[in-house]
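Architecture and fold: a report
So the chains spell out like this:
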Amino acid sequence: MTRMRVKLTFPEALIREPIVARMVTELGVVPNIRRADVGEHTGWIVCELGGGGADVDRAVHWLQAEGVQVDLLGDVVES
Amino acid sequence: MDFVAGLRCRECGRGYPAEALHVCDFCFGPLEVTYDYERIAATVTRERIAAGPRTIWRYADLLPVADPAPVDLGAGFTPLVRADRLAAELGLGELWIKDDTANPTGSFKDRVVSVALTKARQLGFKVAACASTGNLANSVAAHAARAGMESVVLIPADLERAKVTMTTVYGGRVVAVEGTYDDVNRLCAELTSERPSWAFVNVNVRTYYAEGSKTLAFEVAEQLGWQAPDHVVVPIGSGSQLTKVAKGFEELGRVGLLDEVPSVRISGAQAAGCSPVATAFADGVDAIRPVKPATIAKSLAIGNPADGWYALDVIRRTGGSCAAVTDDEVLEGIRLLARTEGIFAETAGGVTIATLAKLAAAGVVRPDERVVALVTGHGLKTVEALTASEEPTVTIAPTLDAFDQAFDQAFDDSFAEHGRAGTGPTVATADPATAPTRNPAPRSAR
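Residues numbered from 1 in each chain as written. Chains lettered and ligands numbered in written order. Predicted model: local features only at pLDDT ≥ 70, side-chain atom pairs only at ≥ 80, totals over all residues.

1. Thoughts on the overall build of chain A
Tallying secondary structure elements over chain A gives two helices and five strands in all. For chain A, the sequential pattern of α-helices and β-strands runs β-α-β-β-α-β-β. Computed over its C-alpha atoms, the radius of gyration of chain A comes to 12 Å, within 12% of the 12 Å expected for a compact globule of 79 residues. For chain A, the residues scored as buried account for 32% of the 79 residues in total. Restricting the contact set of chain A to residue pairs at least 6 apart, pairs at least 24 apart contribute 66%. (Helix = DSSP H or I, 4+ residues; strand = E, 2+ residues; numbered from the N terminus. Rg over C-alpha atoms; globule rule 2.2 N^0.38 Å. Buried ≥ 20, exposed ≤ 12 C-beta atoms within 10 Å, placed from the backbone. Contact = placed C-beta atoms within 7 Å.)

2. As for the overall build of chain B
Each helix and strand counted, chain B has 16 helices and 13 strands in total. Taking 22 Å as the expected radius of gyration for a compact globule of 446 residues, we find that chain B reaches 25 Å, a close match to that expectation. Along the first, second and third principal axes, the C-alpha atoms of chain B reach 85 × 55 × 50 Å. A separation threshold of at least 6 residues defines the contact pool for chain B, and within that pool the share at least 24 residues apart is 68%.

3. A look at the confidence of the model for chain A
Taken as a whole, chain A shows an average pLDDT of 90; of its residues, 100% reach a score of 70 or greater. No element of chain A has a lower mean pLDDT than strand E5 (residues 77-78) of chain A, at 78, and none a higher one than helix H1 (residues 19-27) of chain A, at 95. (pLDDT = per-residue confidence, 0-100.)

4. So, the packing of helix H11 (residues 276-283) of chain B against helix H12 (residues 308-317) of chain B
All names here are of chain B. Taken N-terminus to C-terminus, the directions of H11 and H12 make an angle of 45°; their axes are 10 Å apart at the nearest point. For the element pair H11 / H12, the angle class is oblique. Classified by chirality, the crossing of H12 by H11 is right-handed. Across the interface between the two elements, Pro276, Val277, Ala280 and Phe281 of H11 pack against Gly308, Ala311, Leu312 and Ile315 of H12. A per-class count over the contact of H11 with H12 returns seven nonpolar, one polar and no charged. (Axes fitted to C-alpha atoms, helices over the stretch in contact; angles between N-to-C directions. Parallel < 35°, antiparallel > 145°, perpendicular 65-115°, else oblique. Left-handed = near helix turned anticlockwise from the far one by under 90°. Nonpolar A, V, L, I, M, F, W, Y, C, P; charged D, E, K, R; others polar.)

5. Considering the sheet that holds strand E3 (residues 31-35) of chain B
An order of E2-E1-E3 (chain B) is seen for the three strands of this open sheet, with the pairing classed as antiparallel. Edge strands, defined here as strands with exactly one partner in the open sheet, are strand E2 (15-16) and E3 of chain B. (Pairing = 2+ DSSP bridges.)

6. Some details on the interface of chain B and chain A
Taken together, the contacts link 28 residues of chain B with 15 residues of chain A. Secondary-structure elements contributing two or more residues to the side of chain B that touches chain A are strand E6 (127-132), helix H5 (135-147) and helix H7 (181-194) of chain B. Top contributing element to the side of chain B that touches chain A by residue count: H7(B), with five residues. Tallied by class, the residues present in the side of chain B that touches chain A amount to 16 nonpolar, ten polar and two charged. Bridge count between E5(A) and E6(B): two bridges; the pairing is parallel. Across the sheet, the residue bridging to A:Val77 is B:Ala131, located in E6(B).

7. What about the packing of helix H4 (residues 109-123) of chain B against H5(B)?
All names here are of chain B. The geometry of H4 relative to H5 is characterised by a closest axis approach of 9 Å and an angle of 45° between their N-to-C directions. In terms of orientation, H4 and H5 fall into the oblique class. Seen along the crossing, H4 lies across H5 with a hand that is right-handed. Within the contact between the two elements, H4 uses Lys109, Asp110, Val113, Ser114, Leu117 and Arg121 and H5 uses Asn135, Leu136, Ser139, Val140, His143, Ala144 and Ala147.

8. Focus: the domain arrangement of chain B
Residue and element names in this part refer to chain B. Domain assignment breaks chain B into domain 1 (80-106 + 210-387) and domain 2 (126-204). Taking the mean C-alpha position of each, domain 1 and domain 2 sit 26 Å from one another. With seven residues of domain 1 at the contact, the number on the domain 2 side is seven residues. Residue composition of the side of domain 1 that touches domain 2, grouped by class: one nonpolar, three polar and three charged. (Domains from an automatic or database assignment.)

9. So, the sheet that holds strand E4 (residues 80-82) of chain B
Residue and element names in this part refer to chain B. Pairing within the open sheet is mixed, and its six strands lie in the order E4-E5-E13-E10-E11-E12. Only two strands of the sheet have a single partner each, and these edge strands are E4 and strand E12 (322-325). For this sheet, the mean angle separating the axes of adjacent strands, direction not counted, is 25°. Two elements, strand E5 (residues 94-99) and strand E13 (residues 370-375), share six bridges in a ladder whose sense is parallel. The residue bridging isoleucine 97 from the neighbouring strand is alanine 373, located in E13. Strands strand E11 (265-271) and E12 of the sheet are contacted by H11, whose axis makes an angle of about 125° with E12. Across the sheet, helix H14 (residues 347-361) lies against strand E10 (231-235), E11, E12 and E13, angled at about 115° from E12, the strand it touches most.

10. Some words on the nonpolar core
Nonpolar side chains tend toward joint burial in soluble globular proteins. All names here are of chain B. Core analysis: the biggest nonpolar cluster contains 145 residues, and Ala116, Val140 and Val201 have the highest contact counts within it. Broken down by element, the residue count for this core peaks at eight residues, all from H14. Residue assignment places this core across two domains, with domain 1 (80-106 + 210-387) and domain 2 (126-204) each supplying three or more. In this view, valine 140 contacts Val113, Ala128, Cys130, Ser151, Val153 and Val201; residues no more than four positions away in its chain are not counted. (Core = buried A, V, L, I, M, F, W, Y, C linked by C-beta atoms within 7 Å.)

11. Some words on helix H10 (residues 240-254) of chain B
All names here are of chain B. End to end, H10 covers 21 Å across 15 residues, agreeing with the expected 21 Å (1.5 Å per residue, within 8%). In terms of burial, H10 is largely enclosed, as twelve of its 15 residues are buried. Taken together, the buried positions of H10 are occupied by Ser240, Gln241, Leu242, Thr243, Lys244, Val245, Ala246, Lys247, Gly248, Phe249, Glu251 and Leu252. Looking at the buried residues of H10, the elements they touch are helix H9 (214-223), E10, E11 and H12. A positive phi of about 80° marks glycine 256, the residue just after H10. (Expected span 1.5 Å × (residues − 1).)

So this is what it looks like as C-alpha cells:
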C-alpha cells in the first residue's frame with residue numbers, strides 16, 4: 001500500500017466534474033480527505049492518496065492529465 | 001529547561017506533545033510550537049538575555065529546546081547596520097539592514113539548523129538529513145560535522161560545482177539525484193516516510209526548525225534598544241521566515257521585553273519568476289496558486305510554498321504589502337546594496353532590496369517609518385548570477401602612464417575632483433634636509 005499526501009487544486013472548468021469519483025472507480029486509488037474548500041471558481045482538497053504499487057503514481061499522472069494540479073504537502077527540497 | 005507547552009495544529013487547533021511531529025494527524029495541517037508565556041515572562045529579562053552568548057542561544061528561553069551545549073557554530077547576533085546612504089537613494093528616513101550574510105555558513109539557515117539539530121539530538125536522532133539546492137545543505141552539513149552527527153544531504157545532480165563543494169567539504173554523505181526538481185522532491189518525500197529515524201530538518205523536525213527564524217526579530221529589537229521597528233521587509237521562499245519574524249515580535253511584546261506592544265508592518269519580497277504570494281496579494285485572493293519557478297533567486301524558488309497562506313495572512317494582518325521584482329531588478333538590488341553600504345548579498349538579498357525600492361517608490365514603505373530589511377545570505381553563494389555582467393572599470397598595462405590615461409578616459413566625471421591636484425587629507429611637507437633624494441620626476445621625464 002502506497003500513501004501520498006497531496007493537495008489537489010481544481011480549475012474552474014473541472015469543479016463540476018466527478019474527478020475524484022472517477023479516480024476511485026477507474027484507477028482504484030482511494031482519497032482520504034482531510035480538508036477541502038470548493039468554491040464557484042476554484043477548489044482544493046488536501047488528502048492522502050492510497051493504493052497498491054504503482055497505482056498512486058498512475059493516479060497522479062491521470063489527475064494531472066485531466067487538468068488537476070497535484071502538489072505534495074510541504075516543502076521538501078529547500079534552498 | 002525549556003518553556004514549551006506543546007505543539008498545536010495551525011488549522012484545527014488540536015494539541016500534541018513536543019515530539020518529532022510536523023503535521024496534524026487529523027487534518028494534515030502544520031504544527032506550531034506553543035509556549036508557557038506566563039512562565040517565560042516571569043523568568044526572562046533584558047539583563048538575562050544580555051548575559052547570554054552572542055548567538056541565537058541568548059534567546060533560549062523563547063526557543064523550543066534548552067540545551068547547555070547546543071549544536072552551535074555561532075549563528076546569529078549578526079550586525080544591524082544603519083543604512084543612510086541606501087536610505088538616501090530610496091528616499092527613506094531611518095533604514096537598517098539586518099546583515100545575515102555574517103552567519104557561519106553565510107546565510108540565515110544557520111539559525112534554523114542550529115535549533116533543528118539541537119532538538120533532533122535531544123529527541124534521539126542520530127542522522128541529520130535534508131534535501132536542498134544550496135544554503136540549507138551547507139548549513140546542515142556544517143552543523144552535523146560540528147555536532148559529530150551523521151548527515152545525509154540530497155542535492156540535484158546538476159547543482160553548480162561551487163555549491164556542491166560548500167557541502168561536501170564538511171564530510172557528510174552527499175547524494176546527487178539525477179532528475180528534475182519534481183523528481184528530487186518526490187524521492188525526498190518518499191524518503192522522509194521511509195526513514196523515520198532520520199531528522200529531515202525541514203520536514204519531520206520542521207516545527208522546531210522554523211522557530212529559529214524568530215531570532216531575527218529578537219535581535220532586531222534588542223539591537224534597536226529593545227524597540228520594535230515600524231516596518232520589516234522579508235524575502236519569501238516557503239513563507240516560514242516571514243511568519244516567524246512576526247511571531248518573534250509578538251512574543252517579545254507578550255513576555256514584556258518591549259516598552260510598548262509592538263505594531264510592526266511586515267512586507268514580503270518575491271522574485272517575479274516565483275511569486276505565488278505576491279500574486280495572491282495583488283489579486284486580493286486567499287488561494288496561493290503554485291507556480292513553476294523561473295528566477296535567478298534560487299534560494300527563494302519554492303513554487304508551492306508550505307507557509308504561503310500564513311505569510312499572506314501576516315502581511316494583511318499587519319498592514320504590510322507584498323511585491324515581486326524581475327531578475328534584472330534583483331541584480332540591480334544586489335549592486336545597489338553593495339555600492340551604498342558595502343554589503344554583498346546573494347540573489348535573495350537582491351530581491352529584498354529591489355522590493356524595498358519598489359515599495360518605497362510606491363509610498364508603501366514610508367520615509368517616516370523605522371524600516372528594517374532582512375538580507376539573508378552572502379553574495380558569494382550566488383556569485384555566478386553576476387559574473388557575466390561584472391567587469392573591472394578598465395584593464396591597463398602596469399605603468400603610470402597607462403593609469404593616468406585610464407583615469408582621464410575611463411573614470412567617470414564624478415571622480416574628476418580626485419585628480420592629481422585633488423582634495424584629500426593635508427600632508428605635511430617634508431623637511432628638504434631629510435626628504436628622500438628620489439623626488440618625483442616631472443611627468444614628461446618618465
